[in-house]
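Spelled out, the chains give:
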Amino acid sequence: GLPGSPSAALKVKGAGPLADFAADVALITDGVDRLAGKVTLTGQQDGATAFGAVLAGDLAPLFLPEYAEFFGNAVSLTTKGQRWPDGRLDLAALGLTAKALHLNGALLLAADGLPQRFHLTGQIAAPDGSAVLLPLTTEQPVKVDRAELTLGYDATQGEGWSADVALSGLNRPDFRASTLQIVGSGRIARVAGARQVGATLRFTAEGLEPTDAAAARALGTVVWGDAIGYWREGDGSVTLSRMNVAGDGYAAFVSGTVSGLADALELSGRATAKVADLSRLSGVAGQPLAGAAEIALQGKGSPITGAFDLEGSAKGQDMRVGVAEVDNL
């Protein structure tokens, strides 16, 4: 499926015990080296296995020409760290670089998988400031002017983690947004010997422009909100204490629990929504709606089996749904 259907060869050649192993890696198309480097494994006196990889090359010819500006003519991946037999992992360095992409991070995990330290910074931006076409397998092309990611946590400095994701100039043929931002924080800790991860997220989206007129009227140009949730080891569930989503003239609130993560997935909780003017939803619903409404749902269901048990209620003023029998009632 590569553009031009070139001849292709991937070679991984190495020898030696896993305690002292090195392999040369080469990806070749039409007789030209596209990616080359070395992967190493080295045993340590404490029983750990150190690992490292350095790969670099020009991958642009493997993608459609329109993605050349994203990758450029030099892509590199570097990583090093070590892993212990009891499951501890120290990914001391991870780096991925292309013309429009820079990603750097590190990760330290305890034997039970709980993070002890991590940091990740990333940026997508063209050197000349132009929009970047993302190499995504989506039906429609997606461009961004700029995207930035910052994520950090260090147990030696406290239990709090933080995250900031910001995107500007999102552009699809059917949707545009001037800015999107998610700011997160929370705690990673052991409570009574059990692992627990909590999160508080705040999000805003501005300059929303769906090309569909009905969707644009329903959504509005600005959406904002927040969410609080946590996962606690033992009961196999994630609790969403609250999630608020609001826009101009409407608001929604959701709380609940996702249980059975290891087997039978089930959702339970409650949701409410207030819409000051139902007519904004007429295009989406395909019916001439009117009035104001407050709608509430509570119950449980399973996305796997399709079974559900819900109770709903609606309070409205001058409500109309475009069905004469209902409107008269």
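Above this text sits the structure in question.
Reading the values: the criteria
- Sequence order as written defines residue numbering, which begins from 1 separately in each chain.
- Only residues with pLDDT of at least 70 get local features here, since the model is predicted, and only at 80 or more are side-chain atom pairs given and counted; chain-wide, interface and lining totals rely on the full set of residues.
- In computing side-chain values, all of the structure's heavy atoms are included and hydrogens and water are not.
- Numbered from the N terminus, helices here are DSSP runs of H or I no shorter than four residues, and strands are runs of E no shorter than two.
- Each radius of gyration reported is based on C-alpha atoms, and the globular scaling rule is 2.2 Å times the count of residues to the power 0.38.
- Contact criterion: two residues are considered in contact whenever any of their non-hydrogen atoms come within 4.5 Å of each other.
- Patches in this entry comprise residues that are over 30% relatively accessible and not in a salt bridge; like charges within 9 Å are linked, as are nonpolar side chains (Val, Leu, Ile, Met, Phe, Trp, Tyr) within 5 Å.
- Shrake-Rupley sampling with a 1.4 Å probe provides the accessible areas, and residues are treated as covered by the protein chains on show and by no other component.
- Definition used for salt bridges: Asp or Glu carboxyl oxygen within 4 Å of a side-chain nitrogen of Lys or Arg.
- Two rings from Phe, Tyr or Trp (for Trp, the six-membered ring) form a pair when their centres are within 6.5 Å of each other. A pair whose planes differ by under 30 degrees is stacked, one over 60 is edge-to-face, and the rest are tilted.
- Each residue is placed in one exposure class: buried if its accessible area under a 1.4 Å probe, protein chains only, is under 20% of its type's maximum, exposed if it is over 50%, and partly exposed if it falls in between.
- Two limits define a charge over a ring: the Lys NZ or Arg CZ must be within 6 Å of the ring centre, and within 35 degrees of the ring normal.
- A strand pair is defined by DSSP finding two or more bridges across the two strands.
- Positive charges come from Lys and Arg alone, negative charges from Asp and Glu alone, with His and the N- and C-terminal ends not counted.
- In the analysis that follows, any N or O atom pair within 3.5 Å is treated as a polar contact, provided that within protein one partner can donate a hydrogen and the other can accept it, and provided that, for residues neighboring in sequence, both atoms belong to side chains.

A.B. asks: Any details on the overall build of the chain? Residues and values, ideally.
C.D. replies: The helix and strand inventory of the chain stands at four helices and 21 strands. Relative to the compact-globule value of 20 Å for 329 residues, the chain shows a C-alpha radius of gyration of 25 Å, a clear excess of over 25%. If you line up the chain on its principal axes, its C-alpha atoms span 80 × 55 × 40 Å. In the chain, the proportion of contacts linking residues at least 24 apart, taken out of those at least 6 apart, comes to 39%.

A.B. asks: So what's going on with a nonpolar patch on the surface? Which residues, and what values?
C.D. replies: Taken together, the side chains of Val165, Ile182 and Leu201 define a hydrophobic patch exposed on the protein surface, amounting to about 210 Å² of accessible area. Along the chain, the position of Val165 falls in strand 12 (residues 160-172).

A.B. asks: Hey, could you go over the packing of aromatic side chains for me, with residue numbers and the actual values?
C.D. replies: Applying the stated criterion to the full structure yields three aromatic pairs. Where Phe70 meets Phe71, the ring centres are 5.1 Å apart and the plane angle is 80 degrees; that geometry is what we call edge-to-face. Here the aromatic rings of Phe118 and Tyr153 are separated by 5.4 Å at their centres, their planes lie at 35 degrees, and the arrangement is tilted. Pair noted here: Phe118 is in strand 8 (residues 115-124) and Tyr153 is in strand 11 (residues 146-154), with a separation of 35 residues, a long-range link. Overall, the relative accessible area of 15% leaves Phe118 in the buried class. In this structure an aromatic cluster arises from ring pairing among Phe63, Phe70 and Phe71. One Lys or Arg, Arg88, reaches over the ring of Trp84 and ends 4.6 Å from the middle of that ring.

A.B. asks: Tell me what's going on with the pairing of strand 7 (residues 101-109), and back it up with residues and numbers.
C.D. replies: With seven bridges joining them, strand 6 (residues 89-97) and strand 7 adopt antiparallel strand pairing. Looking across to strand 7, one finds that Leu91 is bridged to Leu107. Hairpin geometry of strand 6 and strand 7 is characterised by an intervening segment of three residues between the two adjacent antiparallel strands. In this structure, strand 7 lies alongside strand 8, joined through nine bridges in antiparallel fashion. Across the sheet, the residue bridging to Leu109 is Pro115, located in strand 8. Hairpin connection, strand 7 to strand 8: the antiparallel pair is bridged by five residues, and Gly113 has positive phi, about 90 degrees.

A.B. asks: Explain the side chain of Arg280 to me, using residue names and the numbers behind them.
C.D. replies: Along the chain, the position of Arg280 falls in the loop between strand 19 (266-275) and helix 3 (282-285). No salt bridge is formed by the buried Arg280; its nearest oppositely charged neighbour, Asp248, is found at 5.6 Å. Polar contacts involving the side chain of Arg280 include one to the main-chain carbonyl oxygen of Ala218, which spans 3.2 Å.

A.B. asks: So what about the pairing of strand 1 (residues 8-15)? Which residues, and what values?
C.D. replies: For strand 1, a buried count of zero out of eight residues is recorded, marking the element as mostly open to its surroundings. For strand 1 and strand 2 (residues 20-29), the ladder comprises eight bridges, and the chain directions are antiparallel. Bridge pairing in strand 2 links Val12 to Val25. Counting the residues between successive antiparallel strands, the hairpin from strand 1 to strand 2 contains four residues, one of them, Gly16, with a positive phi of roughly 120 degrees.

A.B. asks: I'd like a rundown of the pattern of salt bridges, residues and numbers included.
C.D. replies: This model, assessed by the stated rule, comprises 10 salt bridges. The partner of Asp86 in a salt bridge is Arg88, with the nearest N and O atoms 3.0 Å apart. Look at Asp86 and you get partly exposed, because its relative accessible area is 41%. Among the residues examined, Arg88 registers a relative accessible area of 34% and is labelled partly exposed. Here Asp226 and Arg242 are joined by a salt bridge, their closest N and O atoms 3.1 Å apart. Taken as a pair, Asp226 in strand 16 (residues 222-232) and Arg242 in strand 17 (residues 237-247) lie far apart in primary sequence, 16 residues in all. Judged by its relative accessible area of 32%, Arg242 falls in the partly exposed class.

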